[in-house]
Amino acid sequence: MVTKSFQDLSLSALGMGTMRLPVFDNDESRIDEEKTAEMVAYAMKHGINYYDTAWGYHDGNSELVMGRVLGKYPRDSYYLATKFPGYDLANMDKVEEIFEKQLEKCGVEYFDFYLFHNVCEMNIEDYLDESHGIFEYLMAQKKNGRIRHLGFSVHGSYEVLKRFLKAYGKHMEFCQIQLNYIDWSFQDAKSKVELLQEYQIPIWVMEPVRGGKLAKLPEAAEKRLKELRPKEDIPAWAFRFLQSIPGVTMILSGMSNFEQIKDNIQTFETNQPLSEKEMDTLLEIADGILDGTLPCTSCRYCVSHCPQGLDIPTLLDLYNEHNFTGGGFLAPMALMAIPKEKHPTACIACRSCEAVCPQQIKISEAMSDFASKL
């Protein structure tokens, strides 16, 4: 396992994200704890020592399951990260209540890494509003040792990142951003990386494979990459891209089955940055993939806020498919298996989903457009 130095720690370059753990019957709230434990055991054995969870993952059950699974190992054998759920503005005055509950759920006395979660356009004002006491409280927990390292994750724009850094940058030890070869240009990740480098803040990566979307590419794109590296698997290209970016310390992958964790660990047995030609080719491929798609990563925050109970990530995935192929039969066929009351036509455009979308997708407009195209 490739390792990275962070202050006085040696971290596995690959961390295990726990937003997409194996579940029963496609129910995100029902985590398969036995399979999760098997994955963690394999990860531990092969050098992964960083585990990332959060308050909202799996409808609040990720912290509970990871607490029980990791609780079987010596506390000094792993690093645990979780986050304050600022993606929901209703939580802004509950930092102490939530933090104490998180320690209880995870069964620990301290967190190795703790983050302001999902700094973005919808919550930057509240995060900077001292009356909520979030920054003050978290800094106090760091001082008393219940937070060993404090950082933040950001889904917002470059300007949002800049504002947060101006306010709190000198206190932040790391920053977690959405970074992959699609978002290098699409979400202006390149500029965010450069800004963090200016502040000398180590970079943590989320969505390295774009919610699995970079695990398989169009046939012509895969052929181009195979010509450059015949033995390299397609998902590995996403990680090799990140190994080429200065300042990247931790790469988090939300692995949902045993095969994924085995493949990813095998990739991270070596550090193989891209050559200039390989980088140019990959970014050209990214430009082609981006045409007409929405940047949904299936985080599912939207689902818990939809009064109609729509499976929004699935519908957006079908919408992207329908747009990418210029119509076709795949999306209509898939919708046949979904009850009529859960189709895009059921969207009432209340925009509750948009208020918690890290990607700031105009979901109601997409649903309306999808319905009209169908």
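Presented here is an overview of the structure given in this document. (Residues numbered from 1 in each chain as written. Predicted model: local features only at pLDDT ≥ 70, side-chain atom pairs only at ≥ 80, totals over all residues. Heavy atoms only, no water.)

### What to know about the sheet that holds strand β4 (residues 50-52)
Item 1. Taken together, the 8 strands give a closed barrel; going around it, the order is β3-β4-β5-β6-β7-β8-β9-β10, and neighbouring strands pair in parallel fashion. Strand after strand, the sheet turns through a mean of 30 degrees between neighbouring axes, direction not considered.
Item 2. As defined by bridge partners, strand β8 (residues 175-178) adjoins strand β9 (residues 203-206) across 4 bridges and the pair is classed as parallel. When the bridges of β9 are listed, Q178 appears paired with M206.
Item 3. Running over the sheet, helix α5 (residues 134-143) touches β5 (79-84), β6 (111-119) and β7 (147-154) and is turned about 145 degrees from β7. (Pairing = 2+ DSSP bridges. Helix = DSSP H or I, 4+ residues; strand = E, 2+ residues; numbered from the N terminus. Axes fitted to C-alpha atoms, helices over the stretch in contact; angles between N-to-C directions. Contact = heavy atoms within 4.5 Å.)

### Comments concerning the pairing of strand β3 (residues 14-17)
Item 1. A two-sided burial pattern is seen for β3, the buried positions comprising L14 and M16 on one face and G15 and G17 on the other.
Item 2. Examined bridge by bridge, β3 and strand β10 (residues 248-254) share 4 bridges and lie parallel to one another. Bridge pairing links G17 to G254 in β10.
Item 3. In this structure, β3 lies alongside β4, joined through 2 bridges in parallel fashion. Across the sheet, M16 pairs through a bridge with Y51, a residue of β4.
Item 4. Tracing the backbone out of β3, into helix α1 (residues 33-45) and back to the parallel element β4 gives a crossover that is right-handed. (Buried < 20%, exposed > 50% of the residue type's maximum accessible area, 1.4 Å probe, protein only. Right-handed = clockwise from strand over helix to strand, strands pointing away.)

### Side note on the side chain of T53
Item 1. You can see T53 is positioned in the loop between β4 and α2 (62-70).
Item 2. Here T53 falls in the buried class, since its relative accessible area comes to 0%.
Item 3. One polar contact links T53 to S62, side chain to side chain, over a distance of 2.8 Å.
Item 4. Within the structure, the side chain of T53 is placed 3.4 Å from the backbone nitrogen of E63, a separation counted as a polar contact.
Item 5. Those residues in contact with T53 that lie beyond four places of it in its chain are T18, S62, E63, L80, A81, T82 and K83. (Polar contact = N/O pair within 3.5 Å; in protein donor to acceptor, adjacent residues only side chain to side chain.)

### What about the pairing of β9?
Item 1. A two-sided burial pattern is seen for β9, the buried positions comprising I203 and V205 on one face and W204 and M206 on the other.
Item 2. When β9 meets β10, the two strands line up parallel, connected through 3 bridges. When the sheet's bridge partners are listed, I203 is paired in β10 with V248.

### Quick look at unusual backbone geometry
Item 1. The backbone phi angle of Q7 is positive, close to 50 degrees, even though this residue is not glycine.
Item 2. Considering the arrangement of structural elements, one finds Q7 in the loop between β1 (3-6) and β2 (9-12).
Item 3. Judged by relative accessible area, which is 52%, Q7 ranks as exposed.
Item 4. Unlike most non-glycine residues, D59 shows phi in positive territory, near 55 degrees.

### Comments concerning the layout of surface pockets
Item 1. Counted as a void, the largest pocket has a volume near 810 Å³.
Item 2. In terms of lining residues, the largest pocket is bounded by 30 residues, among which E28, S298, C299, R300 and P313 are the most central.
Item 3. Looking at side-chain class alone, the lining of the largest pocket contains 11 nonpolar, 11 polar and 8 charged residues.
Item 4. In this structure, the second largest pocket occupies an estimated 660 Å³ of space.
Item 5. The wall of the second largest pocket is formed by 39 residues, among which R20, V209, G212, S253 and G254 lie closest to the centre. (1 Å grid on protein atoms, 1.4 Å probe; cavity = no way out; pocket = protein on both sides within 12 Å on 5 of 7 lines; lining within 4 Å. Points joined across faces, edges and corners; volume = space filled by probe spheres on them. Nonpolar A, V, L, I, M, F, W, Y, C, P; charged D, E, K, R; others polar.)

### Some remarks on the packing of helix α3 (residues 95-106) against α5
A pair of packed helices is captured by two measures, namely the crossing angle of their axes and the spacing between those axes.
Item 1. Interaxial distance between α3 and α5 falls to 10 Å at its minimum, and their mutual angle equals 35 degrees. Every residue of α5 that contacts α3 at V95, E96, F99 and E100 is listed here: I134, Y137, L138 and Q141.
Item 2. Broken down by class, the residue content of the contact of α3 with α5 amounts to 5 nonpolar, 1 polar and 2 charged.

### A look at the pattern of salt bridges
Item 1. For the structure shown, the criterion picks out 19 salt bridges.
Item 2. In this structure, R210 and D183 form a salt bridge, with 2.6 Å as the shortest nitrogen-oxygen distance. With R210 in the loop between β9 and α9 (219-228) and D183 in helix α7 (residues 183-186), this pair connects stretches of sequence that are 27 residues apart. Here the two residues R210 and D183 agree in accessibility, since each one is buried.
Item 3. Taken together, the shared-partner salt bridges connect R229, E232, R240 and E278 into one network. (Salt bridge = Lys/Arg side-chain N within 4 Å of Asp/Glu carboxyl O.)

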